[in-house]
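# Summary of structural features
Below, each chain spelled out in residue letters.
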Amino acid sequence: MTAAVVMLVVAAALVVGGGLLWLRTRRVVTTPAERAVHVALHTASQAAVPLRRGLTEEAAREAAPFLRALTGADALGITDAAGALLAWDGSHADLRATFADAAERAVGGERAVLVTSPDGGEHAGRTVIAQPLVIESTGVAGVLGVVTVGKPGPGQLGAVADVVRYACGQLELAELDASRARLDRAEVRALRAQISPHFIYNALNTIASFVRTDPDRARDLILEFADFTRYSFRAAGEFTVLADELGNIERYLALEQARFGDALQVRLQIAPETLGVALPFLTLQPLVENAVRHGLRERTGGGTVSIVAADAGTDCVISVEDDGVGMDPDLLRSGVLDAVHTTGSRESAHVGLANVDDRLRAAFGNDYGLIVDTAPGAGTKVSLRVPKFRAGIRA
């Protein structure tokens, strides 16, 4: 057995003087190539963490030592797209101005620039390599440069190019994350804009009708309306917890019940263990508003809206159901959730459903979209499944 082979020490029990002597099992990795691969992967993963936040001064400063280790350079610098130095790691700080000039040329030409000091000069024997960080979707994001002592060989030039490609990949992912966040914020704004102006107008009219006949109830409804709008237009993150979402739904339904009276019945069945589950902000509001607007208002005598949140092992299953007029399932099969084949008053509701469906799938995957069960005259039930825990998602 040679030193290049992984050595195993097998546990053995030996009887020694009536006792037992145990040798612990352990695995010793002795291959230099294995150790080198492990170190390189670990270093790359450490550089990826700050780069995934985008090319900021803080991210560049945190990533620079790990990127320098990957290139094997004596020093490494990072600039932004305008050529401003974001970070410098290592020695040869007197070459910063040289690097800044090379970086400016690298950005302008979108190509690598090499600056080798002439023999006998102040910076004799040193080379600066400046290579642009080109992101496919946005163009040049900045420049990564290294300083080497002596003329760099093909191996080192290749290592620098590979590290630049790796850094560009992480910055591309950061841009995708930022784009997704911007899209999520835009979709939430779209949902907020979709909160029916008619609901707001009718809620205020309902409150006004109680001002003389029942001042105490009018005051309570004003507080409900204030809390409803405060939550719906909050500036907090993309996610909330089910308890907060249900609290806002109860305010909405309280205002609608003040308007419709006994014609609108509400049934809640919520498992306590589901209240802390995280879900996209304003997930339930469009579903409940659709149930009231298109399920009950078009039905003579009103009806009931049922909201159920049930524990389903690793998931939470939520459903919003009404016993209203329902709709043709063929419309669903023909793409009604995309609001392509709809007209009139129903279109805004379907846009809301498509928005919620897209946001659920973006957050949790394609197994977590909306399921709609409906038929003419049979009401509508919209169900969704949310994981109780998903890494990276917090309210």
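Here the structure is shown first, and the text comes after it.
The rules behind the values
- Residues numbered from 1 in each chain as written.
- Predicted model: local features only at pLDDT ≥ 70, side-chain atom pairs only at ≥ 80, totals over all residues.
- Heavy atoms only, no water.
- Axes fitted to C-alpha atoms, helices over the stretch in contact; angles between N-to-C directions.
- Helix = DSSP H or I, 4+ residues; strand = E, 2+ residues; numbered from the N terminus.
- Parallel < 35°, antiparallel > 145°, perpendicular 65-115°, else oblique.
- Left-handed = near helix turned anticlockwise from the far one by under 90°.
- Contact = heavy atoms within 4.5 Å.
- Nonpolar A, V, L, I, M, F, W, Y, C, P; charged D, E, K, R; others polar.
- Salt bridge = Lys/Arg side-chain N within 4 Å of Asp/Glu carboxyl O.
- Buried < 20%, exposed > 50% of the residue type's maximum accessible area, 1.4 Å probe, protein only.
- Pairing = 2+ DSSP bridges.

Take the packing of helix α7 (residues 242-260) against helix α8 (residues 284-296) next. Relative to each other, α7 and α8 sit at 25°, their axes nearing to 10 Å. Considering their axes alone, α7 and α8 lie roughly parallel with respect to each other. You can see that α7 and α8 cross each other, and the crossing is right-handed. Residues L242, E245, L246, N248, I249, Y252, L253 and E256 of α7 lie in contact with α8, whose contacting residues are L284, Q285, V288, E289 and V292. Here the contact of α7 with α8 is composed, by residue class, of 8 nonpolar, 2 polar and 3 charged.

Using the criterion set out here, one finds 10 salt bridges in the structure. Ionic pairing is found between R105 and D101, a salt bridge with its closest N-O pair at 3.5 Å. Taken as a pair, R105 and D101 lie in helix α3 (residues 96-109) at a separation of 4 residues, close to a single helical turn. Measuring nitrogen to oxygen at the nearest pair gives 2.6 Å for the salt bridge that ties D216 to R219. Taken together, the positions of D216 and R219, both in helix α6 (residues 215-232) and 3 residues apart, correspond to about one turn of that helix. Taking the relative accessible area as the measure of exposure, D216 reaches 46% and is therefore partly exposed. For R219, a relative accessible area of 46% corresponds to the partly exposed category.

With respect to burial, strand β8 (residues 126-135) is a largely interior element, 9 of its 10 residues being buried. Pairing of strand β7 (residues 113-116) with β8, which is carried by 4 bridges, proceeds in the antiparallel orientation. When the sheet's bridge partners are listed, L114 is paired in β8 with I129. Pairing geometry for β8 and strand β9 (residues 139-149), over 10 bridges, is antiparallel. The partner of R126 across the bridge, within β9, is V149.

Turning next to the sheet that holds β9. Taken in spatial order, the 5 strands line up as β6-β5-β9-β8-β7 in an open sheet, and their pairing is antiparallel. Sheet topology places β6 (85-90) and β7 at the edges, where each strand pairs with a single neighbour. Adjacent strand axes in the sheet meet at a mean angle of 15° when their direction is disregarded. Bridge analysis of strand β5 (residues 75-80) against β9 gives 6 bridges, and the strand direction is antiparallel. Paired with L76 across the two strands is V146, which belongs to β9. Of the strands in this sheet, β5, β6 and β9 are in contact with helix α2 (residues 57-71), which crosses β6 at around 35°.

Ordered in space as β11-β13-β14-β16-β15, the 5 strands form an open sheet in which the pairing is mixed. The sheet terminates laterally at β11 (264-270) and β15 (371-374), the two strands that pair on one side only. Between one strand and the next, the sheet's axes are offset by a mean angle of 10°, whatever the strand orientation. In the packing of α7 onto the sheet, the strands contacted are β11, β13 (303-312) and β14 (315-322), and the crossing angle to β11 comes to about 165°.

Let's shift gears to unusual backbone geometry. Although it is not a glycine, H92 adopts a positive phi angle of roughly 60°. Position of H92 among the secondary structure elements: in the loop between β6 and α3. For H92, a relative accessible area of 18% translates into the label buried. The backbone phi angle of E110 is positive, close to 50°, even though this residue is not glycine. Relative to the assigned elements, E110 resides in the loop between α3 and β7.

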